[in-house]
Amino acid sequence: MRGHRGWKGRGGWQQGEVPSAEDAAGWFAGRLPDGWFTGAPEITVDREEILVVGELPPLTGEFDDDAARAAAESGRISRFREETREQRIEIARQAEHRYQRKVAWGARIGDTQELFTTLSVPVMTRLRQPERQVLDTLVDSGVARSRSEALAWAVRLVGQHAESWLTELRQAMSTVDDLRAKGPDLG
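Remember, predicted model here, so these are calculated numbers, not experimental data.

1. Some details on the overall build of the chain
Stage number 1. Of regular secondary structure, the chain possesses five helices and six strands.
Stage number 2. Element order for the chain, N to C, with α for helix and β for strand: β-β-α-β-β-α-β-β-α-α-α.
Stage number 3. For a compact globule of 187 residues, the expected C-alpha radius of gyration is about 16 Å, and the chain comes in at 20 Å, more than 25% above that figure.
Stage number 4. With the principal axes as the frame, the chain shows a C-alpha extent of 60 × 50 × 30 Å.
Stage number 5. Within the chain, buried positions represent 24% of all 187 residues.
Stage number 6. The contacts in the chain between residues at least 6 apart in sequence include a share of 55% that link residues at least 24 apart.
Stage number 7. As presented, the chain carries roughly 13,500 Å² of accessible surface, and 51% of it is formed by carbon and sulfur atoms.

The structure is reproduced here in structure tokens:
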């Protein structure tokens, strides 16, 4: 059973009790085979998933146009995915045991990035009529196929336009968690 800690009141946040993944970047750096990526992979962690995205070596050779280059980049990523599948599965199994989160993978080369085996997690929410009307407008106009897709689109848009604010908010929450950890144990 996963409990929750943190502020649970109106407008607060809840954080499930899963093992800390603060050392995930270091663990993956030590665990990944040499030569997979040109540098340290980008590790992104949330409550359900750890995403590992690495930069592949650049392509050599000339290409007729951007489309040909993009096709070659996509092909290189596909080759990496196939050639590393068994090792990635084993590394993911170990990480999932250690961190109690699923592991997803991706690769980047040039202007092309592809993610594979990423989670799509359902999120339940309650919306009042004005909020539902926004989603329905996005569906009716063809921007989204469903309310669910419209909500995901809206969340991505907010994330793109409010990244600095979200970063500050995450830092503030981390500071609060650190202070709570230093406080007295009331349980």
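2. Describing the packing of aromatic side chains
Stage number 1. Counted under the stated rule, the structure contains seven aromatic pairs.
Stage number 2. With a centroid separation of 6.1 Å and 85° between ring planes, the pair formed by W27 and Y99 is classed as edge-to-face. Of this pair, W27 sits in helix α1 (residues 24-31) while Y99 sits in helix α2 (residues 66-99); the two residues are 72 residues apart in sequence, bridging distant segments of the chain.
Stage number 3. Here Y99 falls in the buried class, since its relative accessible area comes to 1%.
Stage number 4. Through a chain of ring-to-ring contacts, three or more aromatic side chains come together here, namely W27, F28, W36, F37, F80, Y99 and W105.

3. Side note on the packing of α1 against α2
Stage number 1. Across the interface, α1 lies against α2 with an axial gap of 12 Å and an inter-helix angle of 150°. Viewed along their axes, α1 and α2 adopt a mutual orientation that is roughly antiparallel. In this structure, α1 meets α2 at a crossing whose hand is right-handed. Contacts from A24, W27, F28 and R31 of α1 reach α2 at E90, I91, Q94, A95, R98 and Y99.

4. A closer look at the domain arrangement of the chain
Stage number 1. Taken domain by domain, the chain comprises domain 1 (23-116) and domain 2 (129-181).
Stage number 2. The centre of domain 1, based on its C-alpha atoms, is set 26 Å off from the matching centre of domain 2.

5. Let's talk about the sheet that holds strand β5 (residues 102-109)
Stage number 1. Pairing in this open sheet of four strands is mixed, and the strands run β3-β4-β5-β6 from one edge to the other. On the outer flanks of this sheet lie β3 (42-45) and β6 (112-116), each paired with one strand and no other. On average, each strand axis in the sheet is tilted by 15° relative to the strand beside it, whichever way the strands run.
Stage number 2. The sheet contact formed by β3 and strand β4 (residues 49-55) spans four bridges and is antiparallel. Bridge pairing in β4 links I43 to V52.
Stage number 3. Contacts from α1 reach β3, β4 and β5, with the element oriented near 135° to β3.

6. Brief notes about the environment of R170
Stage number 1. For R170, the location among the structural elements is in helix α5 (residues 163-182).
Stage number 2. Along the backbone, R170 and A71 are 99 residues apart, and their C-alpha atoms lie at a distance of 37 Å.

7. Brief notes about the pattern of salt bridges
Stage number 1. If you walk through the whole model with that rule in mind, you get 11 salt bridges.
Stage number 2. Among the ionic pairs, D23 bridges to R98, the shortest N-O distance being 2.7 Å. Here D23 is found in the loop between β2 (15-16) and α1, whereas its partner R98 is found in helix α2, with 75 residues between them in sequence.
Stage number 3. Take D23: its relative accessible area is 36%, and that puts it in the partly exposed class.
Stage number 4. Here R98 falls in the partly exposed class, since its relative accessible area comes to 39%.

Conventions adopted
Residues numbered from 1 in each chain as written. Predicted model: local features only at pLDDT ≥ 70, side-chain atom pairs only at ≥ 80, totals over all residues. Heavy atoms only, no water. Helix = DSSP H or I, 4+ residues; strand = E, 2+ residues; numbered from the N terminus. Rg over C-alpha atoms; globule rule 2.2 N^0.38 Å. Buried < 20%, exposed > 50% of the residue type's maximum accessible area, 1.4 Å probe, protein only. Contact = heavy atoms within 4.5 Å. Areas by Shrake-Rupley, 256 points an atom, 1.4 Å probe, with all protein chains shown as cover. Phe/Tyr/Trp six-rings, centres within 6.5 Å; stacked < 30°, edge-to-face > 60°. Axes fitted to C-alpha atoms, helices over the stretch in contact; angles between N-to-C directions. Parallel < 35°, antiparallel > 145°, perpendicular 65-115°, else oblique. Left-handed = near helix turned anticlockwise from the far one by under 90°. Domains from an automatic or database assignment. Pairing = 2+ DSSP bridges. Salt bridge = Lys/Arg side-chain N within 4 Å of Asp/Glu carboxyl O.

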